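Architecture and fold: a report
Read off the chains here:
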Amino acid sequence: MHYFDYKGGAKKRLYAEGVSVKRIAKEVGTPVFIYSHKTLTRHFNAFDTAFADAPHLICFSVKANSNLAVLKTFSTLGGGFDIVSGGELFRVVKAGGDMKKVVFSGVGKTEEEIEFAIKKRILMFNVESPQELRLINKVAKRLKKRAGIAIRINPDVDPKTHPYISTGLKKNKFGIERKEALREYAYARKNLANLDLLGVDCHIGSQLTSIKPFIDALKKVKTFVGDLRAQGIDPGYINMGGGLGITYEDETAPHPSKYGEAVIKETKDLGVTLIFEPGRNIVGNAGILATRVTYTKKGSVKNFIIADAGMNDLPRPSLYGSYHGIEPVVKERRGTVTADIVGPICETGDFIARDRKIKKVNPGELLAVMSAGAYCYTMSSNYNSRPRAAEVMVKGKDYYVVKKREKPADLIEGEVMPNALFKKSKKR
Ligand SMILES: *Cc1c(COP(=O)(O)O)cnc(C)c1O
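Not measured: the values here are computed from a predicted model. For every chain, the first residue of its written sequence is number 1, and the numbers climb from 1 along that sequence. Per-residue local features of the predicted model are confined to residues with pLDDT of at least 70, and side-chain atom pairs are confined, for both listing and counting, to 80 or more; whole-chain, interface and lining totals are unaffected and use all residues. Processing note: side-chain calculations cover all non-hydrogen atoms of the structure and skip hydrogens and water entirely.

A patch consists of residues exposed above 30% relative accessible area that lack any salt bridge, with like charges linked at up to 9 Å and nonpolar side chains (Val, Leu, Ile, Met, Phe, Trp, Tyr) linked at up to 5 Å. Using the Shrake-Rupley algorithm and a 1.4 Å probe, accessible areas are obtained, with residue cover drawn only from the displayed protein chains. Here a salt bridge means any side-chain nitrogen of Lys or Arg lying within 4 Å of a carboxyl oxygen belonging to Asp or Glu. The grouping of Met417, Leu421 and Phe422 at the surface amounts to a nonpolar patch, some 410 Å² of accessible area in total. Its place among the elements puts phenylalanine 422 in helix H13 (residues 419-422). Accessibility expressed as a relative area gives 56% for phenylalanine 422, which makes it exposed. Runs of E in the DSSP output that reach at least two residues are strands. Runs of H or I that reach at least four are helices, and both are numbered from the N terminus. Relative accessible area decides the class of each residue, using a 1.4 Å probe on protein chains only: under 20% of the type maximum gives buried, over 50% gives exposed, and in between gives partly exposed.

And the structure:
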């Protein structure tokens, strides 16, 4: 459920809550990402409520959408954050996030990032290798502090999603194989005195449309926790990661309440606090991208609709072949056309949709790319020296620019042309 709906008579217009998308496009320009505050809140609360019967912490996955106003929306609702870099931690600090609700994932945390996170006193690190475990202890010792950790175990279950976003298989780079992880906990308890062994972590992938792989993974985590307890190590947290999917086209993703029921059933006697790291499930359908058609063009075998948003603004279709719904911002009685909706980037891979049947559009008219709240702006780039789009948050009848559109001057920020490079070299 989201709050992007059509209103009006014969010429229906798309609204974000109480604000017309056409008005935002006119006043802020295009391309523009539009987020609905009410949808963000609703989705966060739906996830949170699903686990109301168990001690739990919802750590929003910052990489899905890292805009400060989005982060602040969740921290205001009592949410924590799952970060994967020092840069994301910097954002969470700026957004006023509660450090006691921050978990730090990722296979390649640098010493600098670890130090920053320990100084900020985050809740825990999700550790992905034996070397990382030792480094965190070393940094904590040097700083005369303690660091909370959970080892990310590799449960070896197939989430049946896109191979680029499957993360819990033996062949993936993530986590530590269970037998080895068990040895690492024992080693840490004996030798790594500055670590608190707080939890066990897993994350099996993204855009899962079935609950079964989560529960398969959870069963393995439970067995693992049993093994730890037999050794006298008692982790207080189980982190199930993120990954619950959304509807982009015709997938049916389970409601968080179903996920909640299934997880609580499995864990009710375990005496642990559950952590979840949802990203896409909360923000995916809470945002759209409004783009203006620049040209339409008839090729000999295909029609093209050339929009002012491209793969640099919305990389998912090029990267994973993902589907995004595309709707006219003003709905009129018109015939349909089958076309590729493409951007201005000089790459054949620059498309938002291929062979899509949509209502005919003319240059100057607006299209809404749906489900653009997750992994769109955060993956955007300046490729082709295109300033990044603006981001807007709507709340009721008002909207706010929460990230200004970049200017050409932003593109060359930090670049220099040192004179020494261009001096004519003296003849010898
Ligand atoms: C990306 C990621 C998430 C969020 O995944 P979603 O599919 O957006 O819910 C959570 N945890 C970790 C470790 C991740 O890498």
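Next, the rest of the story.
This paragraph deals with the pattern of salt bridges. It is possible for side chains of opposite charge to pair when their charged atoms get near one another. Following the criterion strictly, the structure yields 18 salt bridges and no others. Arginine 23 is paired through a salt bridge with glutamate 27; the nearest N and O atoms lie 3.2 Å apart. With arginine 23 and glutamate 27 both in helix H1 (residues 21-28) and four residues apart, the pair spans about one turn of that helix. Put simply, arginine 386 and aspartate 313 hold a salt bridge, and the shortest N to O gap is 2.7 Å. A residue pair is termed long-range when its members are at least 10 positions apart, and arginine 386 in the loop between strand E20 (366-369) and strand E21 (390-395) and aspartate 313 in the loop between strand E15 (303-307) and helix H11 (316-320) qualify at 73 residues. For arginine 386, a relative accessible area of 17% puts it in the buried group. Assessed through its relative accessible area of 1%, aspartate 313 is described here as buried.

Attention now moves to the site of the ligand. One heavy atom suffices: a residue is near a molecule or strand as soon as one of its heavy atoms comes within 4 Å of it. Among the 14 residues in the neighbourhood of the ligand, the closest are listed as Lys63, Ser206, Glu277, Arg280 and Tyr375. Whenever a nitrogen or oxygen atom comes within 3.5 Å of another N or O atom, the pair is scored as a polar contact, on the condition that within protein one atom can donate a hydrogen and the other can accept it, and that pairs from neighbouring residues in sequence are kept only if both atoms are in side chains. A distance of 3.2 Å separates a nitrogen atom of the ligand from a polar side-chain atom of aspartate 82. Glycine 243 is positioned such that a nitrogen or oxygen atom in its backbone is 2.8 Å from an oxygen atom of the ligand. For the ligand, the accessible surface in isolation is 390 Å², of which the surrounding protein chains cover 93%. Note that Gly is not counted as nonpolar here; it falls among the polar residues with everything else outside the nonpolar set of Ala, Val, Leu, Ile, Met, Phe, Trp, Tyr, Cys and Pro and the charged set of Asp, Glu, Lys and Arg. The class makeup of the residues in the shell around the ligand is two nonpolar, seven polar and five charged.

To continue, consider a positive patch on the surface. A surface patch of positive charge is lined by Lys7, Lys38, Arg42 and Lys397. Along the chain, the position of lysine 397 falls in the loop between E21 and strand E22 (398-403). Judged by relative accessible area, which is 68%, lysine 397 ranks as exposed. A positive count includes Lys and Arg, and a negative count includes Asp and Glu. His and the chain ends are not counted in either. Charge positions are represented by NZ for Lys, CZ for Arg, CG for Asp and CD for Glu.

Any helix carries an expected span of 1.5 Å times its number of residues minus one. Taking 1.5 Å of rise per residue, the 19 residues of helix H8 (residues 212-230) would be expected to cover 27 Å, and the 27 Å separating its terminal C-alpha atoms lies within 8% of that figure. Residues of H8 that are buried: Pro213, Phe214, Ile215, Ala217, Leu218, Val221, Phe224, Val225 and Leu228. Elements in contact with the buried residues of H8: strand E9 (147-154), helix H7 (178-191), strand E11 (195-201), strand E12 (237-239) and helix H9 (256-267). Downstream of H8 by one or two residues, glycine 232 has phi in the positive range, about 85 degrees. Contact definition: two residues touch when any of their heavy atoms are within 4.5 Å.

A word on the packing of helix H2 (residues 37-50) against H9. Inter-axis angles, ranging from 0 to 180 degrees, are taken between N-to-C directions of lines fitted to C-alpha atoms, where helices are fitted over the stretch in contact. Between H2 and H9, the least distance of the axes is 8 Å, while the angle of their chain directions is 20 degrees. As summarised for this structure, H2 and H9 are arranged roughly parallel, according to the angle between their axes. Considering only the axes of H2 and H9, their crossing is right-handed. On H9, the residues that touch Ala46, Phe47 and Ala50 of H2 are Pro256, Ser257, Tyr259, Gly260 and Ile264. Here the residues of the contact of H2 with H9 sort into six nonpolar, two polar and no charged. Under this scheme an angle from 65 to 115 degrees is roughly perpendicular, one under 35 degrees roughly parallel, and one over 145 degrees roughly antiparallel; angles in between are oblique. Should the near helix be turned anticlockwise from the far one by less than a right angle, the crossing is termed left-handed; should it be turned clockwise, right-handed.

This paragraph deals with the nonpolar core. In summary, soluble globular proteins display a tendency toward joint burial of nonpolar side chains. Core analysis: the biggest nonpolar cluster contains 96 residues, and Phe51, Phe125 and Tyr259 have the highest contact counts within it. Ranked by residues supplied to this core, first place goes to H8 with eight residues. Annotation comment: domain bounds sourced from an automatic or database domain assignment. Residue contributions to this core reach at least three from each of two domains, namely domain 1 (4-36 + 286-411) and domain 2 (105-278). By size, the runner-up hydrophobic cluster in this structure holds 20 residues, among which are Phe4, Leu14, Ile288 and Val394. Put simply, a nonpolar core is a bunch of buried Ala, Val, Leu, Ile, Met, Phe, Trp, Tyr and Cys residues held in one set by side-chain atoms that sit within 4.5 Å of each other.

The next subject is H1. Val21, Ile24, Ala25 and Val28 are the residues of H1 that are buried. Within H1, the buried residues cover an arc of 100 degrees as seen down the axis, which keeps them to one side. Directly beyond the C-terminal end of H1, a positive phi value near 90 degrees is found at glycine 29. Note: the arc covers the axis-to-C-beta directions of the helix.

This part takes up the pairing of strand E2 (residues 12-16). The rule for pairing is simple: two strands pair if DSSP sees at least two bridges between them. When strand E1 (residues 4-7) meets E2, the two strands line up antiparallel, connected through four bridges. Looking at the pairing, phenylalanine 4 lines up with alanine 16 of E2. Linking two consecutive strands that pair antiparallel, namely E1 and E2, is a turn of four residues; a positive phi of about 110 degrees is found at glycine 8 within it. Where E2 meets strand E17 (residues 330-331), two bridges bridge the pair, whose relative direction is antiparallel. The partner of arginine 13 across the bridge, within E17, is valine 330. Across two bridges, E2 lies against strand E3 (residues 19-20) in antiparallel orientation. Looking at E3, one finds that alanine 16 is bridged to valine 19.

What follows is about the state of the cysteines. Any two cysteine sulfur atoms lying within 2.5 Å of each other are counted as a disulfide. Considering all chains together, one arrives at zero disulfides under this definition. Looking at cysteine 202, it has no disulfide partner, and the nearest cysteine sulfur is the one in cysteine 59, 14 Å off. Overall, the relative accessible area of 1% leaves cysteine 202 in the buried class.

The contact between H8 and H9 brings their axes to 11 Å, and the two run at 20 degrees. Looking at the two axes, H8 sits roughly parallel to H9. Viewed along their axes, H8 and H9 form a crossing whose handedness is right-handed. Across the interface between the two elements, Phe214, Ile215, Leu218, Lys219 and Lys222 from H8 touch Tyr259, Ala262, Val263, Glu266 and Thr267 from H9. Residues that form the contact of H8 with H9 fall into these classes: six nonpolar, one polar and three charged.

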